[in-house]
Amino acid sequence: VRTPAEFAEDHVPGALNLPVLNNEERVEVGTLYHKDFFAARKLGAALITANIASHIHENFLDKPKDYSPLIYCWRGGQRSASLGIILAQIGFKVYVLEGGYRTYRQTVVRDLKELSGRFRFLVLSGMTGVGKTFLLHKLQQHGEQVLDLEGAARHKGSILGLWAGETQPSQKAFESSLRSSLAQFSPSRPVWIESESSKVGLVQIPAHLFQQMRAAHRLELHVPMSWRIRQILRDYPHFTQDRVRLKELLGKLRKFHGQKKLDYWFLLIDTSRWEELVESILTEHYDPAYATSVKRNTEEGHIRNITTLQVDSMAEDYVENTLLADLLEFGSRVYKPIES
């Protein structure tokens, strides 16, 4: 029953928002509250009852008698109580979350810390375009436990990584998504995850989870350049359709590569030489950056257990019939459950 703005920042996964005050109404009541407490309560009551009447018509007339909602607002106060009282009077069995969203948020923070230490992670690593996310999704389809960081962040973790047509979630919503996924996993089985830096776009991987990722056994994939190019063109089709946006994003690399290199990349874009463009960006930007990161993390002791796997093809039949079996064999060989 929180405002749309509150709900957009974060909410319990799967929750339906039925705001008893919208964004503007909450500001109006709050502003009046500091001037005239009694007048604010009268205005709030009028607005809330009107909104609740609308919600009942649109969302509750078709609900059976045994429908049992859990209601929460910011702190489990008047907004959740206002809807809860009316639904209870109708005859529904209503629960109100004590402490509201604040209680839920405290649970997320606590659980992320505890859950991160409950699992053994297996990390897929490798240069940009080797197909880490693609393989994680394949593993998930075959019943493996996968924590999809990029899916939760709606970002592929690079300067070109923002999903087409998407905005990234807030930090709190990102953490809610991770907590929801981890809570469904079994500690008796490994959790596959993709190697990432501490940030995925604008959101930060929770510290305890990131520490577990660093300590995990890594499988580094080596894939031929030709297949890497194919996968990037498959994963980023929107950039070949929006050349202006692609140039805008590549412009952020000017400080690393200079205007002359950008002009060359822009020429490849203007002439639709997509394979040449991808190979140039990989070999001159992403691959050196990856090598530098691996060298630094190895020297600092963050990368300890690593196995390399040479992948000759990312063709669908090879992935299904050979590569997935190799990944699962690796997992069974290195995975050791956490002793309880």
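Keep in mind that this is a model prediction, so the values were computed, not measured.

Reading the values: the criteria
- Residues numbered from 1 in each chain as written.
- Predicted model: local features only at pLDDT ≥ 70, side-chain atom pairs only at ≥ 80, totals over all residues.
- Heavy atoms only, no water.
- Core = buried A, V, L, I, M, F, W, Y, C linked by side-chain atoms within 4.5 Å.
- Buried < 20%, exposed > 50% of the residue type's maximum accessible area, 1.4 Å probe, protein only.
- Contact = heavy atoms within 4.5 Å.
- Pairing = 2+ DSSP bridges.
- Helix = DSSP H or I, 4+ residues; strand = E, 2+ residues; numbered from the N terminus.
- Axes fitted to C-alpha atoms, helices over the stretch in contact; angles between N-to-C directions.
- Salt bridge = Lys/Arg side-chain N within 4 Å of Asp/Glu carboxyl O.
- Phe/Tyr/Trp six-rings, centres within 6.5 Å; stacked < 30°, edge-to-face > 60°.
- Lys NZ or Arg CZ within 6 Å of the ring centre and 35° of its normal.
- Expected span 1.5 Å × (residues − 1).
- Bend = angle between axes of the 7 residues up to and from the residue.

1. Some remarks on the nonpolar core
Stage number 1. Of all hydrophobic cores here, the largest spans 26 residues; its most connected members are Phe121, Leu147, Leu149, Leu178, Leu182 and Leu209.
Stage number 2. Setting aside residues up to four positions removed in sequence, Leu209 forms contacts with Ser116, Phe121, Leu147, Leu149 and Leu178.

2. Details of the sheet that holds strand β3 (residues 121–126)
Whether parallel or antiparallel, the strands of a sheet pair through hydrogen bonds between backbone atoms.
Stage number 1. Read from one edge to the other, the open sheet built from five strands follows the order β4-β5-β3-β8-β9, with strand pairing classed as parallel. Each of the sheet's edge strands pairs with one partner strand only, and the pair in question is β4 (145–147) and β9 (306–310). Here the strands of the sheet are splayed against their neighbours by 30° on average, with no regard to which way each runs.
Stage number 2. Across the sheet, helix α6 (residues 132–141) touches β3, β4, β5 (191–194) and β8 (217–222), and the angle it forms with β5 is around 160°.

3. What to know about the pattern of salt bridges
Stage number 1. The full count for this structure, using the stated rule, is 17 salt bridges.
Stage number 2. For Glu6, the salt bridge goes to Arg26, with nearest N and O atoms at 3.2 Å. With Glu6 in helix α1 (residues 4–9) and Arg26 in helix α2 (residues 23–33), the pair connects residues that are 20 residues apart, well separated along the chain.
Stage number 3. Note that Lys295 is salt-bridged to Glu299, the shortest N-O span being 2.6 Å. Of this pair, Lys295 and Glu299 both sit in helix α14 (residues 274–299), separated by four residues, roughly a single helical turn. The pair Lys295 / Glu299 is uniform in exposure class, with both members exposed.
Stage number 4. Overlapping salt bridges bring together Glu6, Arg26 and Arg79 as one network.

4. Observations regarding the packing of aromatic side chains
Here a ring pair, both rings aromatic, is described through the centre-centre distance and the interplanar angle of the planes.
Stage number 1. Counting across every chain of the model gives nine aromatic pairs.
Stage number 2. Ring geometry for Tyr101 versus Tyr104: centroids 5.9 Å apart, planes at 50°, classification tilted. You can see Tyr101 and its partner Tyr104 sitting in helix α5 (residues 100–116), three residues apart, about one turn around the helix.
Stage number 3. What makes Tyr101 buried here is its relative accessible area of 2%.
Stage number 4. Ring pairing ties together the aromatic residues Phe60, Tyr67 and Phe92, which thus form one cluster.
Stage number 5. Positioned above the aromatic ring of Tyr101 is the side chain of Arg2, whose terminal nitrogen or guanidinium carbon lies 4.5 Å from the ring centre.
Stage number 6. Sitting above the plane of the Tyr67 ring, Lys63 keeps its charged end 5.4 Å from the centroid.

5. Thoughts on α14
Stage number 1. Taking 1.5 Å as the rise per residue, α14 with 26 residues should run 38 Å; its terminal C-alpha atoms sit 36 Å apart, in good agreement.
Stage number 2. Along α14, the sharpest change in direction is near 45° and occurs at Leu282.
Stage number 3. Of all the positions in α14, only Trp274, Leu277, Val278, Ser280, Ile281, Leu282, His285, Tyr286, Asp287, Tyr290, Val294 and Asn297 are classed as buried.
Stage number 4. The first or second residue beyond α14 is Gly301, which carries a positive phi of 80°.

Take it as geometry only, folks, not as evidence of what the structure does.
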